[in-house]
Amino acid sequence: MAVEIYVSTDIEVDGPVPGTYSMLSIGSAAFTADKSLISTFEANLETLPGATRHPRNMAWWTQQPEAWAAARTNLQPPEQAMQAYHAWLIALPGQPIFLGYPAAFDFMFVYWYLMTFVGESPFEHSALDIRSYAMAVMKRRYSESGKHRMPLTWFDETELTHVALDDAIQQGNLFCNMLQANLYNITP
């Protein structure tokens, strides 16, 4: 069996769905189950031709000027960025497992961009949601499984910056701490 590589991924966007709106940046951090960070990837993307910006998202960005500036430097065409991302994924030393918080949102954009600009996804159709995993580990309902209800021991001392790679590393560490607690029966 191939080693599972947990690819914690965070994206920044200017709207709620891909295609109509653009993925502005992507950050991924590849972890092994023992919490070893083995590689990272980050890219800021040019917006899609003809795409628009959603007013709600843009209002949020006005409250995050440092994160906005970080997401709008060193822009790459989406095709170039996603081909580099695909090459990075397939070079990982194991089976990449998409990991997100929330996975449904981030995966939707990443999968769309991979299929549109590369034609395939090393993740196939699968994504692992950190909050859903927390729900199972804590044996609680989904509504009782948000970050504010998770044990403090699962969190490393890092800030949520809304810079894609920073946030991907933070949530990857969170997942690995949960995974270790679950594998070794450490009660939350």
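Structure: above.
All of these numbers come straight from a predicted model, not from anything done at the bench.

About the cut-offs
- Residues numbered from 1 in each chain as written.
- Predicted model: local features only at pLDDT ≥ 70, side-chain atom pairs only at ≥ 80, totals over all residues.
- Heavy atoms only, no water.
- Core = buried A, V, L, I, M, F, W, Y, C linked by side-chain atoms within 4.5 Å.
- Buried < 20%, exposed > 50% of the residue type's maximum accessible area, 1.4 Å probe, protein only.
- Helix = DSSP H or I, 4+ residues; strand = E, 2+ residues; numbered from the N terminus.
- Contact = heavy atoms within 4.5 Å.
- Pairing = 2+ DSSP bridges.
- Axes fitted to C-alpha atoms, helices over the stretch in contact; angles between N-to-C directions.
- Salt bridge = Lys/Arg side-chain N within 4 Å of Asp/Glu carboxyl O.
- Parallel < 35°, antiparallel > 145°, perpendicular 65-115°, else oblique.
- Left-handed = near helix turned anticlockwise from the far one by under 90°.
- Nonpolar A, V, L, I, M, F, W, Y, C, P; charged D, E, K, R; others polar.
- Arc of directions from axis to C-beta.
- Polar contact = N/O pair within 3.5 Å; in protein donor to acceptor, adjacent residues only side chain to side chain.

Topic: the nonpolar core
Core analysis: the biggest nonpolar cluster contains 24 residues, and Met23, Ile26, Tyr85, Val110 and Phe123 have the highest contact counts within it. Contributions of two or more residues to this core are made by β1 (4–13), β2 (23–31), β3 (37–45), α3 (78–91) and α4 (103–117). Sequence-distant contacts of Tyr85, that is, excluding residues within four places in its chain, are made with Val7, Thr9, Ile26, Ser28, Phe41, Val110, Leu114 and Phe123.

Focus on the sheet that holds β2
Sheet strands line up and pair through hydrogen bonds in the backbone, either parallel or antiparallel. In spatial order, the strands read β4-β3-β2-β1-β5-β6; together these 6 strands make up an open sheet with mixed pairing. The outermost strands of the open sheet, each flanked by one partner alone, are β4 (75–76) and β6 (128–129). Bridge count for strand β5 (residues 95–100) against β6 is 2 bridges, and the pairing is parallel. Looking across to β6, one finds that Gly100 is bridged to Asp129. In this fold α3 packs onto β1, β2, β3, β4 and β5, with an angle of close to 170 degrees to the strand it touches most, β3. α4 rests against β1, β2, β3, β5 and β6 of the sheet, and its axis sits at about 90 degrees to β1.

Side note on the pattern of salt bridges
According to the stated counting rule, one finds 3 salt bridges in the structure shown. With a closest N to O distance of 2.9 Å, Asp156 and Lys35 form a salt bridge. With Asp156 in the loop between α5 (130–138) and α6 (164–183) and Lys35 in the loop between β2 and β3, this pair connects stretches of sequence that are 121 residues apart. By relative accessible area, Asp156 is classed as partly exposed at 29%. Of the charged contacts, one joins Arg141 and Glu144 as a salt bridge, the two residues approaching to 4.0 Å between their closest N and O atoms.

Topic: the packing of α5 against α6
Contact geometry for α5 and α6: axes closest at 11 Å, N-to-C directions at 20 degrees. It follows from the interaxial angle that α5 and α6 lie roughly parallel. Of the two elements, α5 crosses α6, and the hand of that crossing is left-handed. Facing α5, whose interface residues are Ile130, Tyr133, Ala134 and Val137, α6 presents Gln171, Leu174, Phe175, Met178, Leu179 and Asn182. In the contact of α5 with α6, the residues fall into 8 nonpolar, 2 polar and no charged.

Points about the packing of α3 against α4
For the pair α3 and α4, the least separation of the axes is 9 Å and the interaxial angle reads 105 degrees. Between α3 and α4, the angle is such that the two are roughly perpendicular. Mapping the contact onto sequence places Pro78, Glu79, Met82, Gln83, Tyr85, His86 and Leu89 in α3 and Val110, Tyr113, Leu114 and Phe117 in α4. When the residues that make up the contact of α3 with α4 are grouped by side-chain class, the tally is 8 nonpolar, 2 polar and 1 charged.

Remarks on the pairing of β2
Counting buried positions along β2 gives 9 out of 9 residues, so the element sits mostly inside the fold. Pairing between β2 and β3: 7 bridges, direction antiparallel. Paired with Ser28 across the strands is Phe41, a residue of β3. What sits between β2 and β3 in their antiparallel hairpin is a turn of 5 residues, with Lys35 showing a positive phi close to 80 degrees.

With respect to α5
Turning to α5, its buried residues are Ile130, Arg131, Tyr133, Ala134, Val137 and Met138. Buried residues in α5, looked at end-on, bunch into an arc of 155 degrees, giving them a common side. Buried residues along α5 sit against β5, β6 and α6. The opening residue of α5, the one whose side-chain oxygen lies 3.4 Å from the backbone nitrogen of Arg131, is Asp129.

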